[in-house]
Amino acid sequence: SPNLKSRYLLSKRATKKTIDVDKLKVEGTFESVSYPRPPVEVLNLTSHEGFETRLSTKKKIKEALKDKDISIIGVYGMPGFGNTTIANEMVNEVKVEKLFEEVAFA
């Protein structure tokens, strides 16, 4: 159960600060309120070709695709680590290399 007293005091302080900020906005004119942010370096993270683990995983998947005894291949891992991305890359590679007549992705 929430601590009602601490929540009340916190909301009271937040309300007071909001009123103070509104007063300052009306009273003053500010050229700037902070230092300019440092320049941002943009990294190209769309290409995963160089990751060693990704290359070895793709190699294993391709070997499994060529194995006649394997009928289903699953790609799994923690969310956000590129499971779907690597599966999509493999679908595209298989289509380009024409390993199969039909390719299904689910």
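Residues numbered from 1 in each chain as written. Predicted model: local features only at pLDDT ≥ 70, side-chain atom pairs only at ≥ 80, totals over all residues. Heavy atoms only, no water.

Q: Lay out the overall build of the protein in plain terms, naming residues and giving numbers.
A: Helix and strand counts for the protein stand at three helices and zero strands. Per-residue burial for the protein yields a buried fraction of 12% across its 106 residues. Put simply, the protein shows about 10,200 Å² of open surface, and 58% of that area lies on carbon and sulfur atoms. (Helix = DSSP H or I, 4+ residues; strand = E, 2+ residues; numbered from the N terminus. Buried < 20%, exposed > 50% of the residue type's maximum accessible area, 1.4 Å probe, protein only. Areas by Shrake-Rupley, 256 points an atom, 1.4 Å probe, with all protein chains shown as cover.)

Q: Report on the pattern of salt bridges, specifying residues and quantitative values.
A: Taken as a whole and judged by the stated rule, the model has five salt bridges. Residue Lys 58 is joined to Glu 89 by a salt bridge in which the shortest nitrogen-to-oxygen separation is 3.3 Å. Highlighted residues: Lys 58 in helix H2 (residues 52-66) and Glu 89 in helix H3 (residues 83-97), separated in sequence by 31 residues. Residue Lys 58 is classed as buried on the basis of its relative accessible area, which comes to 7%. A salt bridge links Glu 93 to Lys 58; the nearest nitrogen and oxygen atoms lie 2.7 Å apart. Highlighted residues: Glu 93 in helix H3 and Lys 58 in helix H2, separated in sequence by 35 residues. One continuous salt-bridge network, built from bridges that share partners, spans Lys 58, Lys 62, Glu 89, Glu 93 and Glu 97. (Salt bridge = Lys/Arg side-chain N within 4 Å of Asp/Glu carboxyl O.)

Q: Account for the environment of Phe 105, with residues named and values stated.
A: Of note, Phe 105 is situated in the segment after H3. Overall, the relative accessible area of 44% leaves Phe 105 in the partly exposed class. The residues contacting Phe 105, other than those within four sequence positions of it, are Thr 84, Ala 87, Asn 88 and Val 91. (Contact = heavy atoms within 4.5 Å.)

Q: Outline unusual backbone geometry, listing residues and values.
A: Positive phi outside glycine occurs at Lys 98, with the angle close to 55 degrees. For Lys 98, a relative accessible area of 67% corresponds to the exposed category.

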